Amino acid sequence: MSESRDSRPDNLDMQAMNWLAHQALAAPAGHWDELRGLTIPPVAEAPKDQSQMSKAWQTFIQHLGNDGLETLGLRMGNLQRQVRDNGITYNVYAATDQPQRPWSLDLFPLMLDHKDWAQIETGVMQRMQLLERIMADAYGPQKLVLSGQLPAALVHGHPSYLPAMHGVPPVGGRYLSLAAFDLARGPDGSWWLLSQRTQAPSGLGYLLENRQIVSRLFPQAFEAYPVQRLAQTYRTLLDSIKARSPAGALAHIALLTPGPYNETYFEHAYLARHLGLSLVQGNDLTVRDEKLYLKTLQGLQPVHGLLKRVDDDWLDPLEMRADSTLGVPGLLQAVRSGNVLVANTPGSGFLESNALLGFMPALARDLLGQELQLPAIPSWWCGEAAALQDVLPRISSCVIKPTYPYNNDRQSFEPVQGHTLSRREQDEWAGRILRDPDAHTLQSWLPLSHQPTWQVTANALAAIESRPVVLRVFAVANAQGGWQVLPGGLARLGTRNGIASMQRGGRSADVWVQTTSAIASDSPPVIARDARQSMSFSDHTFSDSPLGSPQQLAPRDDEYPSDMGKAAAPSQRQRLVTSRAAENLFWMGRYTERTENTLRLVRLSLEILSSENQNLPYLLHFITGMAARHGLVRIGVPAAHQAPRVFERSLIAGLWDKELATSVGFNLRAVRLAAASVRERLSPEHWRLLEQAESRFFNTEHQVSLPDTMAVQGILTDTSQMLAALTGAQTDRMSRDDGWRLLSIGRHIERLQFLSSALLEALQLGMLSEQAGYDTVLDLFDSTISFHDQYQQTRTPQALVDLLVTNADNPRSLGWVAHTLRSRLRRMGHLADGATVPMAERVPHLIELTAESLWPLQCKVTDAGIAMPLHETLADCQTAARDVSDQLCGLFFTHSGEARYSVGA
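These figures come from a predicted structure and were not determined experimentally. (Residues numbered from 1 in each chain as written. Predicted model: local features only at pLDDT ≥ 70, side-chain atom pairs only at ≥ 80, totals over all residues. Heavy atoms only, no water.)

Moving on to the overall build of the protein. A tally of helices and strands in the protein yields 27 helices and 22 strands. Within the protein, the fraction of its 905 residues that count as buried is 58%. Contacts in the protein between residues at least 24 apart in sequence constitute 73% of all its contacts with a sequence separation of at least 6. (Helix = DSSP H or I, 4+ residues; strand = E, 2+ residues; numbered from the N terminus. Buried < 20%, exposed > 50% of the residue type's maximum accessible area, 1.4 Å probe, protein only. Contact = heavy atoms within 4.5 Å.)

Spelled out as structure tokens, the structure:
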């Protein structure tokens with residue numbers, strides 16, 4: 001291990017290590033202590049020197065900097081701020097009316113030296129090879145079941161085994177592309193396998209964010225250890241999927257997510273953005289002629305590979321769960337036909353059974369001719385009479401687990417630790433096991449190693465305490481036919497008494513794997529951003545079956561219909577915009593503009609009600625009509641001229657009304673919900689603005705007394721400033737593709753409709769004949785400064801029409817809005833056979849008109865109630881906005897078309 005100082009720490013470092021060793025709450029007796037690098041003996045046998053520390057932690061402490069441990073509180077504050085700024089969340093059954101829960105990350109990394117990693121890497125790759133062989137047999141000759149080496153109840157009887165996939169060769173020659181292994185260190189310092197995940201293992205995105213944050217908090221310690229890189233493993237996974245897919249290196253790969261309400265949706269969006277994949281939901285995809293396609297604005301685009309984050313049960317409502325809305329009808333048939341690679345191949349769920357672990361040693365000897373290098377926790381499947389008879393008397397020293405977890409068809413339950421049960425409860429569990437032995441598996445209880453963590457007590461005092469830790473590591477397939485283990489992982493920290501899942505308030509930690517070369521360590525500033533870096537440590541592989549080269553896997557010319565296109569060269573590719581993403585971007589734009597407009601209307605109304613103009617009837621009628629038109633007050637609320645204070649209180653109360661679908665709060669939340677569905681397209685700064693705007697607005701709801709209009713105005717001003725920043729992010733921080741154009745179109749449709757209706761309402765009330773009414777219209781159009789600069793005090797109707805209707809330079813002018821809307825629609829003319837071009841012509845050409853043609857000079861300002869060309873033009877603007885919106889929705893947000901057949905037999 002390289003160190004930047006003398007191998008013996010100086011006095012300052014010695015004091016720091018002694019302080020840490022004495023102050024940290026050590027691991028319980030009988031557990032391995034990661035800080036000290038030993039097993040804590042019973043109190044009676046405790047050594048006198050409690051300051052012993054592992055070499056890894058010595059290096060870490062030595063490189064904390066001059067201020068040492070005194071900076072840990074500040075570093076933890078920076079960590080939490082970075083988590084919030086990056087928008088890292090983990091939600092459980094996320095609700096639309098509840099804030100998202102920030103990802104829980106601890107300050108200290110779990111550090112693994114060469115010896116630890118050698119055991120883990122070798123053992124995990126060996127087990128990955130074994131799982132591939134078991135699955136190949138289960139969906140092939142089934143010799144293991146026929147010979148009795150595997151019970152049929154754990155294969156054919158497992159609810160996750162898919163008989164429909166039996167006899168189907170895996171696309172690309174391999175069933176598994178990645179798997180996760182949960183490990184724990186035992187009291188002897190060795191690592192043990194607890195469980196394995198093959199269906200849709202989570203954590204690959206979170207561990208990358210963990211690395212980026214923690215490595216930047218401790219850059220000196222990170223360099224001194226040094227730490228192996230992560231980035232290349234992600235490229236290996238993607239290259240492997242592409243190489244084995246029907247289209248080879250030019251394959252279009254998508255990541256299938258259940259959607260934004262899934263607890264790990266942040267990770268799905270992060271991985272899609274990091275790997276350059278299309279993030280899709282089930283309704284984004286369709287199967288035509290046994291091939292998988294993505295519904296996009298450009299039409300149906302072929303998908304050759306699918307990295308799924310949806311469990312197998314939900315993948316295909318035609319063959320699996322009929323009530324699933326997360327999958328794609330006909331997907332399994334497309335897989336059986338060899339037209340799409342799904343990672344992992346559907347049907348791998350039976351490999352996750354805890355009962356399988358007890359059979360693995362014998363299977364390794366038979367299938368691999370090897371002894372397992374990474375032992376699993378001793379497991380007994382109670383469906384075996386001998387195993388049941390052997391283990392049932394020892395239930396108090398075991399953990400009771402379901403054989404078929406996460407499944408409604410078979411008995412499932414949360415794991416139970418036998419030593420926490422009373423004698424009566426143990427007998428009750430024994431009775432349940434005897435009544436249904438197949439559904440129960442018993443495992444030895446393993447005292448988990450403990451990792452130092454940064455804790456804040458109930459008294460707001462910081463402390464370093466140990467917590468149990470479980471390590472999740474990932475193995476991925478490479479394009480050469482072997483396996484590669486990601487040199488790191490996701491450490492999960494539990495409570496003092498046991499491990500806690502992330503769903504129940506657990507914490508995560510970064511994992512540092514030591515390397516022998518500083519060249520092979522990550523550079524903290526770029527670790528999670530550059531997936532193209534190389535990895536210099538050796539790539540050990542277990543070759544299972546050789547795969548063909550990417551050239552051999554290239555698609556035939558006739559594989560996809562010519563009208564649906566083949567994969568383009570990378571330099572020619574354009575970003576695909578799915579129909580769902582397009583719709584959400586469109587409504588994100590509309591709701592953003594709608595929020596700004598209604599916010600300005602409320603601010604203007606409150607200003608009028610507290611100003612010297614509060615008794616002017618036409619102003620009170622105007623704000624009453626506009627508030628009612630846009631749903632800012634509930635039906636039945638007295639008009640402003642009848643009961644101004646009641647109207648004012650109702651207007652304020654409606655700001656946070658979650659049931660009022662047109663309130664400012666509802667619209668603001670709708671912006672965030674629409675954005676959540678396209679989060680992979682938004683920068684972290686953009687997403688943070690959205691969350692901050694919503695959270696600040698709703699956090700002030702209970703801090704304002706209703707009569708305090710000044711406080712409300714302050715809140716509205718702050719929110720308006722946040723929305724202005726959000727507008728800037730949408731305008732200047734997003735790629736100007738067809739998705740962005742739809743967002744912009746949505747904003748301009750909303751602006752055209754709102755402003756034209758507001759001006760028409762003002763005209764009909766004769767507001768322009770009075771200075772207060774004239775100024776109110778300018779204020780609502782946010783054009784007061786522009787008017788004074790150009791016209792000074794010339795308050796003629798023609799001047800107002802010129803600035804607010806026909807002006808080509810004022811972004812709040814109806815002419816500018818209509819002109820920009822037409823431009824956006826024309827730019828999308830390459831889609832849908834140019835259907836947006838006629839739409840563009842439907843929008844009025846306002847900048848070509850003159851103010852005098854809309855408001856003739858002979859018409860006096862008091863003639864506003866008389867029908868003029870301006871009235872017709874404003875009505876036409878509203879109609880055009882509605883028509884264009886309806887036509888766009890019908891054109892782009894649904895797909896229809898005939899295929900020869902959709903799903904094969």
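Read on for the rest.
Ordered by their spatial adjacency, four strands build an open sheet running β13-β16-β14-β15, and the pairing between neighbours is antiparallel. The sheet terminates laterally at β13 (379–381) and β15 (416–417), the two strands that pair on one side only. Direction of pairing for strand β14 (residues 398–402) relative to β15: antiparallel, over a ladder of two bridges. For V399, the partnering residue across the bridge sits in β15 and is Q417. Set on the sheet, helix α13 (residues 423–435) makes contact with β14, β15 and β16 (440–444); between it and β16 the angle comes to about 130 degrees. (Pairing = 2+ DSSP bridges. Axes fitted to C-alpha atoms, helices over the stretch in contact; angles between N-to-C directions.)

Further remarks concern the sheet that holds strand β8 (residues 285–288). Spatial ordering of the open sheet is given by β8-β9-β10, a layout of three strands whose pairing is antiparallel. Each having just a single partner strand, β8 and β10 (299–302) make up the two edges of the open sheet. The mean angle between the axes of side-by-side strands here comes to 45 degrees, regardless of whether they run parallel or antiparallel. Pairing of strand β9 (residues 291–296) with β10 involves four bridges; the strand directions are antiparallel. Each bridged residue has a counterpart across the sheet, and for T296 the counterpart in β10 is G299.

Considering all chains together, one arrives at 22 aromatic pairs under this definition. Grouping aromatic residues by their ring pairs yields a cluster made of W57, F60, F108, F218, F222 and W512. Here the basic side chain of R174 rests over the ring of W483, its NZ or CZ set 4.0 Å away from the ring centre. When the ring centre of W429 is taken as reference, the NZ or CZ atom of R432 above it lies at 4.4 Å. (Phe/Tyr/Trp six-rings, centres within 6.5 Å; stacked < 30°, edge-to-face > 60°. Lys NZ or Arg CZ within 6 Å of the ring centre and 35° of its normal.)

Summed over the entire model, instances satisfying the criterion amount to 39 salt bridges. Put simply, E648 and R645 hold a salt bridge, and the shortest N to O gap is 3.3 Å. With a gap of three residues between them, E648 and R645 both fall in helix α16 (residues 644–653), about one helical turn apart. One connected set of salt bridges, linked through shared partners, spans E593, E596, R747, R751 and R812. (Salt bridge = Lys/Arg side-chain N within 4 Å of Asp/Glu carboxyl O.)

With an omega of -25 degrees, the peptide bond running from Y225 to P226 counts as cis. Mapped onto the elements of the fold, P226 is located in the loop between α7 (219–224) and α8 (231–244). A positive phi angle, near 60 degrees, is found at Q142, a position not held by glycine. Residue placement: Q142 occurs in the loop between α4 (114–138) and α5 (143–146). The class for Q142 is buried, based on a relative accessible area of 17%. Notably, E290 is not glycine yet its phi reads approximately 65 degrees, a positive angle. Along the chain, E290 falls in the loop between β8 and β9. By relative accessible area, E290 is classed as buried at 15%.

At their nearest, the axes of helix α14 (residues 579–609) and helix α27 (residues 869–892) sit 10 Å apart, and the two run at 160 degrees to each other. The orientation of α14 relative to α27 falls into the category roughly antiparallel. Crossing handedness for the pair α14 and α27: left-handed. Contacts between α14 and α27 involve S579, F586 and R590 from the first element and S885, L888, C889 and F892 from the second. Per-class residue counts for the contact of α14 with α27 are four nonpolar, two polar and one charged. (Parallel < 35°, antiparallel > 145°, perpendicular 65-115°, else oblique. Left-handed = near helix turned anticlockwise from the far one by under 90°. Nonpolar A, V, L, I, M, F, W, Y, C, P; charged D, E, K, R; others polar.)

With five of six residues buried, β9 lies mostly within the body of the structure. In this sheet, β9 lies alongside β8 in antiparallel orientation, the contact comprising four bridges. Following the sheet pairing, R288 is matched in β9 by K291. Count of turn residues in the β8/β9 antiparallel hairpin: two residues, of which D289 carries a positive phi of about 50 degrees.

In a regular helix each residue adds 1.5 Å, so 31 residues correspond to 45 Å; α14 covers 44 Å between its end C-alpha atoms and thus fits that length. Across the 31 residues that make up α14, a large majority, 25, are buried. (Expected span 1.5 Å × (residues − 1).)

This part takes up α4. A rise of 1.5 Å per residue sets the reference length of α4, with its 25 residues, at 36 Å; its end C-alpha atoms lie 36 Å apart and thus fit the reference within 8%. With 18 of 25 residues buried, α4 lies mostly within the body of the structure. The N-terminus of α4 is capped by D113, whose side-chain oxygen sits 3.2 Å from the backbone nitrogen of K115. (Polar contact = N/O pair within 3.5 Å; in protein donor to acceptor, adjacent residues only side chain to side chain.)

The next thing to look at is the environment of L760. Position of L760 relative to the elements: it lies in helix α20 (residues 738–764). With relative accessibility at 12%, the residue L760 sits in the buried group. Linking L760 and H871, residues 111 residues apart in sequence, is a C-alpha distance of 6.5 Å. The contacts of L760, once residues within four sequence positions are left out, are H871, L874 and Q878.

Here we take up the side chain of R467. Mapping R467 onto the fold places it in strand β18 (residues 462–477). Taking relative accessible area as the criterion, R467 reaches 13% and is therefore assigned buried. Side-chain polar atoms of R467 contact the side chain of E465, separated by 2.9 Å.

This part covers the confidence of the model for the protein. Per-chain confidence: the protein averages 85 in pLDDT, with 84% of residues scoring 70 or above. Confidence scores differ between elements of the protein, with helix α1 (residues 11–23) showing the lowest mean pLDDT of 61 and strand β22 (residues 511–513) the highest of 97. Under a pLDDT of 50 for its full length, residues 1–9 has, in the predicted model, 17 contacts with residues more than four places off or in other chains. In the predicted structure, residues 518–572 sits below a pLDDT of 50 and forms 127 contacts with residues beyond four places in sequence or in another chain. (pLDDT = per-residue confidence, 0-100.)

On to the side chain of N597. Summarising the element assignment, N597 is placed in helix α14. When near neighbours in sequence (up to four residues on either side) are disregarded, N597 contacts E750, R751, F754 and R812.

With that out of the way, let us pick up the packing of helix α3 (residues 72–86) against helix α6 (residues 204–217). The axes of two packed helices give the description: the angle between them and the distance between them. Axis separation between α3 and α6 bottoms out at 10 Å; the angle between their running directions is 145 degrees. Seen along the crossing, α3 lies across α6 with a hand that is right-handed. Where α3 abuts α6, its residues R75, N78, L79, Q82, V83 and N86 lie against E209, Q212, I213, V214 and L217. By residue class, the composition of the contact of α3 with α6 is five nonpolar, four polar and two charged.

Among the secondary structure elements, P163 is positioned in the loop between α5 and β4 (178–185). Sequence-wise, P163 and Y139 are 24 residues apart; in three dimensions their C-alpha atoms are separated by 8.0 Å.

Moving on, we come to the state of the cysteines. Tallied over the full model, the rule gives zero disulfides. We note that C382 lacks a disulfide partner, and the nearest cysteine sulfur, in C398, lies 8.8 Å from it. (Disulfide = S-S within 2.5 Å.)

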